[in-house]
Amino acid sequence: MSEADRGKSHPRRIAFLGAGLMGAPMVRRLLAAGHQVTVWNRDRSKADALVSDGAIVAATAADAVKGCDIVFTMLSDGKAVDQVLFDGGVAGALAEGAVVVDSSSISPPIAKDHAARLKALGIAHVDAPVSGGVVGAEAGTLAIMAGGDADVIEGLAVVFAALGRVTHVGPSGAGQICKLANQQIVAITIGAVAEAMILVEAGGASREKFRDAIRGGFAESRILELHGSRMVKRNFTPGGPSKLQLKDLDAVKAMADRFSLELPLTEQVRREFADFVTGGGGDTDHSGLLLHLEAMNAAKGGEENNG
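The following paragraphs examine the structure supplied in this document. It should be emphasised that the depicted structure is a prediction, and the values quoted were computed from it without experimental measurement. (Residues numbered from 1 in each chain as written. Predicted model: local features only at pLDDT ≥ 70, side-chain atom pairs only at ≥ 80, totals over all residues. Heavy atoms only, no water.)

## Overview of the pattern of salt bridges
Here is step 1: Using the criterion set out here, one finds 19 salt bridges in the structure.
Here is step 2: Put simply, Arg-44 and Asp-48 hold a salt bridge, and the shortest N to O gap is 3.3 Å. Residue Arg-44 and its partner Asp-48 are located together in helix H3 (residues 44-48), separated by 4 residues, close to a single helical turn.
Here is step 3: Asp-63 is paired through a salt bridge with Lys-66; the nearest N and O atoms lie 3.3 Å apart.
Here is step 4: Salt bridges sharing common partners tie together Glu-201, Arg-207, Arg-234 and Glu-294. (Salt bridge = Lys/Arg side-chain N within 4 Å of Asp/Glu carboxyl O. Helix = DSSP H or I, 4+ residues; strand = E, 2+ residues; numbered from the N terminus.)

This is the structure in structure tokens:
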């Protein structure tokens, strides 16, 4: 029996709060697995777009969760999650025994705080951020890093199966710290691929042929495959906006400061993303860091020529 068939044999009533770039394909995967999904989004048009797939649209987040035993949140940051869960009335509208699965990328201390506040209401909390981008969300191949109670996470296995591969990485907050570590690797690797692209072109080689040549070698990665292709094609329509990459890198810095860690590679790429976002690249895909590095080198070439 396929994972989708197993999901259909155990349908659940799910509320999904946040139907953006990642949320919408995740909702479609849950619906395809046979689950009943009620959707809410600040911009209602994004939720309405899922009606044809079988979703039910709610006017408010609190309305969406009524009668549901599982609530997913996929929102922009910790402040947004806090507002929806507590200021927006979601926590108060949930029945005791419900589970909140936060797939947003937020600070680990905020995730722990949410878990404690929900536990006091008899509601379980799992911080379950994901990696794999829109492509992974559409294909149901997301890497899901889950922090929280092992029994609760095991009880969600059928639901997670529709979305990708879940790994219980530790107690509350552990999912978020693993997501931050993932974002470190993503950002640094994007920077490495972008710098390599600039180097090979300066030396007279084709960026496209360079990427083809090293595929399957030690430099192979999903970043080289997907983001390297974006760099070659110069397609920087956001799958992962640079402003959100910077948000995650700022959160990494905050945790590094908290633990008194020196992370020089992460700090350097964080500064580059900060400059890129400040210069207007916030809504550009994070692979667009290439544009910032190209501009930096063009300016340097101009200075040398002027000299």
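## Quick notes on the packing of aromatic side chains
Here is step 1: If you walk through the whole model with that rule in mind, you get 2 aromatic pairs.
Here is step 2: Here Phe-16 and Phe-72 contribute two aromatic rings whose centre-to-centre distance is 5.4 Å and whose plane-to-plane angle is 10 degrees, an arrangement assigned as stacked. You can see Phe-16 sitting in strand S1 (residues 13-17) and its partner Phe-72 sitting in strand S4 (residues 70-73), a full 56 residues away along the chain. Of the two residues examined, Phe-16 and Phe-72, each falls in the buried class.
Here is step 3: Between Phe-72 and Phe-160 the ring centres are 6.4 Å apart and the planes differ by 85 degrees, which places this aromatic pair in the edge-to-face class. Placement of the pair is Phe-72 in strand S4 and Phe-160 in helix H10 (residues 157-161), with a sequence separation of 88 residues.
Here is step 4: Taken together, the ring pairs in this structure connect Phe-16, Phe-72 and Phe-160 into an aromatic cluster.
Here is step 5: Geometry around Phe-86 places Arg-117 over its ring, the cationic atom sitting 3.7 Å from the centre. (Phe/Tyr/Trp six-rings, centres within 6.5 Å; stacked < 30°, edge-to-face > 60°. Buried < 20%, exposed > 50% of the residue type's maximum accessible area, 1.4 Å probe, protein only. Lys NZ or Arg CZ within 6 Å of the ring centre and 35° of its normal.)

## Observations regarding helix H2 (residues 23-32)
Because each turn of an α-helix spans 3.6 residues, side chains separated by three or four positions in sequence point in the same direction.
Here is step 1: For H2, the tally of buried residues reaches 7 of 10 residues, placing the bulk of the element in the interior.
Here is step 2: For H2, the set of buried residues is Gly-23, Ala-24, Pro-25, Met-26, Val-27, Leu-30 and Leu-31.
Here is step 3: The elements touched by buried residues of H2 are S1, strand S2 (36-40), S4, helix H8 (133-139), strand S8 (142-147) and H10.
Here is step 4: At the C-terminal side of H2, Gly-34 shows a positive phi close to 95 degrees. (Contact = heavy atoms within 4.5 Å.)

## Observations concerning the nonpolar core
Here is step 1: Leu-30 and Phe-72 are the most contacted members of the largest nonpolar core, which totals 34 residues.
Here is step 2: For this core, the secondary structure elements donating two or more residues are S1, H2, S2, S4, strand S5 (99-102), S8 and H10.
Here is step 3: Take this core: its biggest share by element is 5 residues, from H2.
Here is step 4: Grouped together as the second largest cluster of nonpolar side chains are 24 residues, Ala-64, Cys-68, Val-84 and Ala-98 included. (Core = buried A, V, L, I, M, F, W, Y, C linked by side-chain atoms within 4.5 Å.)

## Considerations on the side chain of Thr-73
Here is step 1: Structurally, Thr-73 can be placed in strand S4.
Here is step 2: Beyond its immediate sequence surroundings of up to four residues, Thr-73 is in contact with Leu-17, Val-81, Leu-85, Val-101, Asp-102, Ser-103 and Ser-104.

## So, helix H11 (residues 174-202)
Here is step 1: The end-to-end C-alpha distance of H11, which contains 29 residues, comes to 42 Å, matching closely the 42 Å that a straight helix rising 1.5 Å per residue would cover.
Here is step 2: Positive backbone phi, approximately 95 degrees, marks Gly-204, located one or two places after H11. (Expected span 1.5 Å × (residues − 1).)

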